[in-house]
Amino acid sequence: MDLLNHPAFQSLVLPLLLSMFGVAVALRVGGPHRAALGAGLGLLLAWAWFPGYVWPPGARAQQVPWIACAGVAVAVLLAWRTPGVAVPRARGIVMAGLLAVMSLALAATAALGGSLLLAQLALMVATASAVPGLWSWWRPASGVVVSAASLLPMALACVVIASALPAAPWNATPGNASTDDPYYTPNWK
């Protein structure tokens, strides 16, 4: 396995680099109030590398990048309409940090639940959502403002990942169903 296809690189390093690049480009092009949108764009680029965009999405894990793409579109429209909304810097940092911690908890839940793909997607969301908060915290002179709209794509991705978990109530097997695999114990006997 080469470095570019290693799960740790795909889950942590790639979204970190692309989100930092996205925030830097958005800061240069759109200013400090739109800079945090670059993290969502970086996450979309990381998802283009892994797992890729499949159309039409059949599984819920394939729906995650598309829902986040729609979230980025809505976030860009919201940032375009309200360019200079004053958001307290500390509140934006806390929102980004809480979303990153919730995404890490979601990744642990997915990994313990048996879905390593969902765990990787949740780690990618955690990394991308931490970038604008850390940028605003470590470099306050840059003026990066983390708004709720800029975190919308990552929050939507968390909701879709949580709904795709095997432990979700709508994915659990009913109480009277057999836990055996139906392909090995068919009901037509």
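These numbers come from a predicted model, not from an experiment.

Calculation rules
- Once a new chain begins, its residue numbering starts again from 1 and follows that chain's sequence as written.
- With pLDDT at 70 or above as the cut-off, local features in this predicted model cover only qualifying residues; side-chain atom pairs require 80 or more to be listed or tallied, and sums for whole chains, interfaces and linings still use all residues.
- In computing side-chain values, all of the structure's heavy atoms are included and hydrogens and water are not.
- Nine residue types can take part in a nonpolar core, namely buried Ala, Val, Leu, Ile, Met, Phe, Trp, Tyr and Cys, and a core is a set of them joined through side-chain atoms within 4.5 Å.
- For every residue, the accessible area obtained with a 1.4 Å probe (protein chains only) is divided by the maximum for its type, and the residue is called buried under 20%, exposed over 50%, and partly exposed between those limits.
- For the purposes of this entry, the term helix denotes a DSSP run of H or I that reaches at least four residues, the term strand denotes a run of E that reaches at least two, and both are numbered from the N terminus.
- Here a residue-residue contact requires only that any non-hydrogen atoms of the pair lie within 4.5 Å.
- In this scheme Phe, Tyr and Trp rings, the latter by its six-membered ring, pair at centre separations within 6.5 Å, and the angle between planes marks the pair as stacked below 30 degrees, edge-to-face above 60, and tilted otherwise.
- Helix span, as expected, comes to 1.5 Å for every residue beyond the first.
- Note: the arc covers the axis-to-C-beta directions of the helix.
- N or O atoms within 3.5 Å of each other form a polar contact, as long as, within protein, one can give a hydrogen and the other can take it, and as long as residues adjacent in sequence are counted only when both atoms are side-chain atoms.
- The axes used here are C-alpha line fits, helices contributing only the stretch in contact, and every angle between their N-to-C directions lies in the interval 0 to 180 degrees.
- Geometric relationships in this document are graded by angle, where less than 35 degrees denotes roughly parallel, more than 145 denotes roughly antiparallel, 65 to 115 denotes roughly perpendicular, and other angles denote oblique.
- Two helices crossing with the near one rotated counterclockwise from the far one by less than a right angle form a left-handed crossing, whereas a clockwise rotation gives a right-handed crossing.
- Only Asp, Glu, Lys and Arg are considered charged in this grouping, and only Ala, Val, Leu, Ile, Met, Phe, Trp, Tyr, Cys and Pro are considered nonpolar; every other residue, Gly among them, is considered polar.

*Asks:* Would you mind going over the nonpolar core with me for this structure?
*Replies:* Counting residues in hydrophobic clusters, the biggest one holds 39 residues, and the most contacted among them are Trp47, Leu118, Leu121, Val125 and Ile161. Sorting the residues of this core by element identifies α1 (7-30), α2 (37-49), α3 (60-81), α4 (89-113), α5 (116-138) and α6 (152-164) as the ones contributing at least two each. The dominant element in this core, judged by the number of residues it contributes, is α5, at nine residues. Those residues within four positions of Ile161 in sequence are excluded, and the remaining contacts are Val64, Leu106, Leu118, Leu121, Ala122 and Val125.

*Asks:* Teacher, can you tell me more about the packing of aromatic side chains here?
*Replies:* Aromatic ring pairs are reported here in terms of the distance separating the ring centres and the angle at which the planes meet. Tallied over the full model, the rule gives three aromatic pairs. Note on Tyr53 and Trp66: the rings are 5.2 Å apart at their centroids and 65° apart in plane angle, and the pair reads as edge-to-face. Here Trp66 lies in helix α3 and Tyr53 lies in the loop between α2 and α3, a separation of 13 residues in the sequence. For Trp66, a relative accessible area of 29% gives the class partly exposed. Aromatic pair Trp137 and Trp138: ring centres 5.8 Å apart, planes at 25°, arrangement stacked. As far as the burial class goes, Trp137 and Trp138 line up, both exposed. Ring-pair connections join several aromatic residues into one group, and the members of that group are Tyr53, Trp55 and Trp66.

*Asks:* What should I look at first to understand α3 in this one?
*Replies:* Spacing of three or four residues puts side chains on the same side of an α-helix, whose turn is 3.6 residues. The first and last C-alpha atoms of α3 sit 31 Å apart over 22 residues, in line with the 32 Å expected at 1.5 Å per residue. Every buried residue of α3 is listed here: Ala61, Val64, Pro65, Ala68, Gly71, Val72, Ala75 and Ala79. One side of α3 carries all its buried residues, which in axial view fall inside an arc of 120°. When the buried face of α3 is taken as reference, the exposed residues oriented beyond 90 degrees from it are Leu77, Trp80 and Arg81. Elements that come into contact with the buried residues of α3 comprise α2, α5 and α6.

*Asks:* For this particular structure, what's the right way to read the side chain of Gln10?
*Replies:* Here Gln10 lies in helix α1. Given a relative accessible area of 6%, Gln10 falls into the buried group. For Gln10, the side chain forms a polar contact with the side chain of Gln120, separated by 3.3 Å.

*Asks:* Explain the packing of α2 against α3 here, please?
*Replies:* Each pair of packed helices can be described by the angle between their axes along with the distance between the axes. Two elements in contact, α2 and α3, have axes separated by 10 Å at closest approach and are oriented at 155°. Taken as axis vectors, α2 and α3 run roughly antiparallel relative to one another. In this structure, the crossing between α2 and α3 has a hand that is left-handed. Between α2 and α3, the residues in contact are Leu37, Gly40, Leu41, Leu44 and Trp47 and Val64, Pro65, Ala68, Cys69, Val72, Ala75, Val76 and Ala79, respectively.

*Asks:* Which parts of the structure should I look at to understand the packing of α4 against α6?
*Replies:* Taken N-terminus to C-terminus, the directions of α4 and α6 make an angle of 20°; their axes are 11 Å apart at the nearest point. In terms of axis orientation, α4 runs roughly parallel to α6. Relative to α6, α4 is oriented so that their crossing is left-handed. Each of Leu99, Ser103 and Leu106 in α4 lies in contact with α6, whose residues at this interface are Met154, Ala155, Cys158, Ile161 and Ala162. Split into classes, the residues belonging to the contact of α4 with α6 amount to seven nonpolar, one polar and no charged.

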